[in-house]
2 protein chains.
Amino acid sequence: MTKSGRATLAQVAELAGVSVMTASYTYNRPERVSDQARAKVLAAADQLGYAGPDPSARSLRRGSTHALGVVMGEHLSYAFDDPEAVSFLAGIADVCADRGYAMTILPITGGADDVPRVKGAAVDGYVVWTTADDDPVLAAVQAMRRPAVVHGGPAVRGLGLVTVDNRAAAAAVGAAAFAGARRPAIVSFPLSRDRVSTVTRGDRITDVLFPVTRERLEGYRQAAEDAGTDWGDVVVGVCARNDAAEAERVAAALLAAPDPPDAIAAMSDQQAAGVVRAARDTGRRIPDDLAVTGWDDSAVAASLGLTTVAQSLREQGAACAVAALGRPRHSRGAAWSVVRRASTRPLSGASG
Amino acid sequence: MTKSGRATLAQVAELAGVSVMTASYTYNRPERVSDQARAKVLAAADQLGYAGPDPSARSLRRGSTHALGVVMGEHLSYAFDDPEAVSFLAGIADVCADRGYAMTILPITGGADDVPRVKGAAVDGYVVWTTADDDPVLAAVQAMRRPAVVHGGPAVRGLGLVTVDNRAAAAAVGAAAFAGARRPAIVSFPLSRDRVSTVTRGDRITDVLFPVTRERLEGYRQAAEDAGTDWGDVVVGVCARNDAAEAERVAAALLAAPDPPDAIAAMSDQQAAGVVRAARDTGRRIPDDLAVTGWDDSAVAASLGLTTVAQSLREQGAACAVAALGRPRHSRGAAWSVVRRASTRPLSGASG
DNA sequence: CTGTTAGCGCGTTCAA
DNA sequence: TTGAACGCGCTAACAG
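Here is what the cut-offs are and how they apply
Residues numbered from 1 in each chain as written. Chains lettered and ligands numbered in written order. Predicted model: local features only at pLDDT ≥ 70, side-chain atom pairs only at ≥ 80, totals over all residues. Heavy atoms only, no water. Helix = DSSP H or I, 4+ residues; strand = E, 2+ residues; numbered from the N terminus. Expected span 1.5 Å × (residues − 1). Buried < 20%, exposed > 50% of the residue type's maximum accessible area, 1.4 Å probe, protein only. Contact = heavy atoms within 4.5 Å. Polar contact = N/O pair within 3.5 Å; in protein donor to acceptor, adjacent residues only side chain to side chain. Domains from an automatic or database assignment. Pairing = 2+ DSSP bridges. Buried area = accessible area lost by both parts, 1.4 Å probe. Salt bridge = Lys/Arg side-chain N within 4 Å of Asp/Glu carboxyl O. Nonpolar A, V, L, I, M, F, W, Y, C, P; charged D, E, K, R; others polar.

Novice: Kindly report on helix α12 (residues 269-281) of chain B, identifying the contributing residues and their values.
Specialist: One full turn of an α-helix is made of 3.6 residues, so residues set three or four places apart face in the same direction. Residues and elements named next belong to chain B. With 13 residues, α12 ought to run about 18 Å at 1.5 Å a step, and its terminal C-alpha atoms sit 18 Å apart, in line with that. Within the sequence span of α12, burial applies to D269, Q271, A272, A273, G274, V275, V276, A278 and A279. Where α12 is buried, its residues touch β6 (184-188), α11 (244-256), β9 (263-265), β10 (291-293), α13 (299-304) and β11 (308-310). Where α12 starts, the residue carrying a side-chain oxygen 3.4 Å from the main-chain nitrogen of Q270 turns out to be S268. In the stretch just after α12, G283 is the one whose phi turns positive, near 70°.

This is how it looks when you write it as C-alpha cells:
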C-alpha cells in the first residue's frame, strides 16, 4: 500500500508473483492473460483491496480522460434552476451515456478563479453554454486546444458553434407578437454579465455583450419597425435573469406606465409566463389588450397557449456534445419554428 | 511539442532558459519566483501555446482530482427528466461551486459496463442517488475506498447515508391520505431495477429492492391498517418510473376497477399530478370522491393544492456533497414534514 | 502468453 | 530563489 492506504498495480503483481504487465493486462485485455495468471492477480487484488487501475494515472498514460467538460456560465447552480438549461444538459447526458463518457460540469461562479478552474479540469473537450463576448472563460477554453463547442454564442475562433438563427427567429415571432400592436415592448434577457435590471428604450441600448440577447433584440427591432413603430419608441424591460418572477415584476412596471404596451415579446416562455401573470393581475385580456410571446416552446407555453419559438435545447445539447467529442464543425443552423397559439392577434393579411 | 501537439512544462522551461521547477512554481506558487523568471516563463508559455499544467498529470502527482463523482442510477439521461433529481443535483452543484470542485456525472446506463465506468472516473468522492439493494454500482463505489454518500438508500457499509425517515413520513402523510377512506390505494415507484409496471395488492408484494420504495410502502401499510383496512385489500399500482403520464394511466386503471379506491397515496407530486388528472377525467371531486397525496412539496403540489411530504432535495444534495468531500458520517435524519392542503379529507378527531 | 523497457507530465524533496 | 533527481501509477511497444 502507498502512504494513502491505496494498493498499486505493482504491489498486486508482486503479491501475485507475476510481472506488472500481466497484472495490467488482467484489467485491460483479460483475453491475453492465462486463466491461471488472471486468477492469481485477481486474488491478490482482492487481498490488497485493489479496486482497479487508478483513473488519473491511466488518463495521463493514455492521453485521454473519457470525460466531457461542460461550462454553464455565470454561477453553476443557476444552471439547474433554468428548465431550458436542464434540457440542454439532458441532451449532453444522452450522448455521454451513449458513448461512455463522464460529464464533468465545471464550477463557474463568475469570480476571478473561473479561469484556473476551467484549465484545471481533466476533460477531453468542452461544451460552453451561451455566454457574453467578454467572458474570460472563452479564452481559457480556447487556450486548452481541445475540441470545444459554444452553444448560442459568441462565435470564437477555433471553437464550434451550435445555435439557431436568433435574429431570424426573433423577427418571425416578433411579427406575430406585434401584429396590430401600437405600442410594442420587449422583456429581455440581461445585456451583459453584470446583469443589471433596467427599463429603457430600444435606441438607448448599446453594447449588448450576450450575442443571443443582441440578436434577438435585432430581430424584435425589425419586427417592431415592420409593424410601424420606431425603435426609439419600443420600451425594453431588461431582466437580470431568466426567471418568471422577475419578468412579472418588470412587466407589471411596464403595464403601469402612462402609455402601457399592448404587445410584449419576451425571450423565454418563463418570462412570458411572468408577463401573462402581470397582465391578468391588471385585468387585461390576452391577446386583445396585450399580445404576448415566449421562446422555447416549453410545457408552460403549451399550457398557457403562448405563441413562441420552438427549438429543442435537448437536441442542441446533444449536437454540442457530439461535436465536442469529435471534430467540431461550425454548424450554424439548429432547427426552429414559430408556434402560433392564442396569445397573439392574427397576422393581417397583407403588409401595407 | 509532444506528438499530440501539446507543449509541456519542460519545453516551456527550456525555452525560457530556466529549470522545470521554476516553470512549475510560476504556475503553482508565483510568489516564490522572481518577477523576471516568471515573465520569461509566461512569455515562453505564450509562444508555445502552453495552457498550464496538464490536469491529469497534476492529479496523479497530487493524488487528488478536485472532482466529485455523481452516480444518478439507471440511465443517466433520466436524471434530468426528474425535477426532484434536478433539485438534488442543484444542491450538489451549490457545494461544488463553492469549494471549486468539478461535478463529474458518471455515465450509468443500466448495462454491464456501469461498473468499469464508475471505477474509471477520476474523482475524489462519490454521491450516489437512491438505488436498489442489488445495484452492482454500490459495490463498485465501495471498492474505490473513497468518501462516498448514498442518498435515500440502501445503507452500505463504509458509505454515508443521507435520507429522511421514509417510513415515518409515509405513515404520516398516509394518515392524511387515508383519513375517512374505505378503499385506500397506492401509486408506487418501481419495486426493483427491472421496473415492471403492474397492479397488485399489498400482501402480494415481496422483495422490494428499492429501499425508499420499501420504506414508504411500509409507512403506507401502517396508515392503511390504522385506518382499518387490511394490507391485503390495499391496491398498489406500481409504475416503472416517476412520471406523471404513467401515474395517470395507472390511476385511471385503478379508478376503472369494479371497487375503485377513494384515496390514493402516491410517492411523488409528479405521480399525484397524474392521479389528479385521472380523477378529473372520471368526474371525481377531490377530496370528496378521491383523496390524493403526493411527496416532495414541489411547485406542482402547491398549484394543485396537494397534501404532501415536504423535504428539500436541494439541501439533501448539498449535505451529500459536503459529506462526500469530507468525512462521510451516517446522518440519517434529513428534515421532513407533512403539508396539509385541500386534496385530503380532514383527520377525524380521535382514533377509535 | 508473459516480461522488459521507457516514459506520460508534473511536483515533492533535498541540496545549492 | 533556483536546480537535479526521482517517482506518482500506469501502459504502449517491443521482445521472448
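Novice: An account of the domain arrangement of chain A is needed here, citing residue identities and associated values.
Specialist: When the domains of chain A are assigned, the result is domain 1 (9-53), domain 2 (67-163) and domain 3 (166-311 + 337-349). Relative to domain 2 of chain A, the C-alpha centre of domain 1 of chain A lies at a distance of 38 Å.

Novice: Got a sec to walk through the pairing of strand β1 (residues 67-71) of chain A? Specific residues and values, please.
Specialist: All names here are of chain A. Counting buried residues in β1 gives five out of five residues, a clear majority hidden from the surface. Judged by which residues are buried, β1 turns out to be covered on both faces: A67, G69 and V71 on one side and L68 and V70 on the other are all buried. With four bridges connecting them, β1 and strand β3 (residues 125-128) associate as parallel partners. Within β3, the residue paired with V71 across the bridge is V128.

Novice: An account of the interface of chain A and chain B is requested, with residue identities and associated values reported.
Specialist: If you look at the interface, chain A gives 47 residues, while chain B gives 47 residues. When chain A packs against chain B, the two sides together hide about 3500 Å² of surface, and 59% of this comes from carbon and sulfur. For the interface between chain A and chain B, the tally reads four salt bridges. Residue D54 of chain B pairs with R146 of chain A through a salt bridge whose shortest N-O separation is 4.0 Å. Scanning the region where chain A abuts chain B turns up nine residue pairs in polar contact (both at pLDDT 80 or more). Elements with a minimum of two residues in the side of chain A that touches chain B: α4 (55-62), α5 (76-79), α6 (83-99), β2 (102-106) and α7 (114-119) of chain A. The biggest single contributor to the side of chain A that touches chain B is α6 of chain A, with nine residues. Each residue belonging to the side of chain A that touches chain B can be placed in one class, and the counts come to 25 nonpolar, 11 polar and 11 charged. When β2 of chain A meets strand β2 (residues 102-106) of chain B, the two strands line up antiparallel, connected through three bridges. What sits directly across from I105 of chain A, in β2 of chain B, is M103 of chain B.

Novice: Lay out the side chain of E246 of chain A in plain terms, naming residues and giving numbers.
Specialist: Residues and elements named next belong to chain A. Along the chain, E246 turns up in helix α11 (residues 244-256). A polar contact is formed between the side chain of E246 and the backbone nitrogen of A240, at a distance of 2.6 Å. What E246 contacts, discounting residues up to four positions off in sequence, is S197, C239, A240 and R241.

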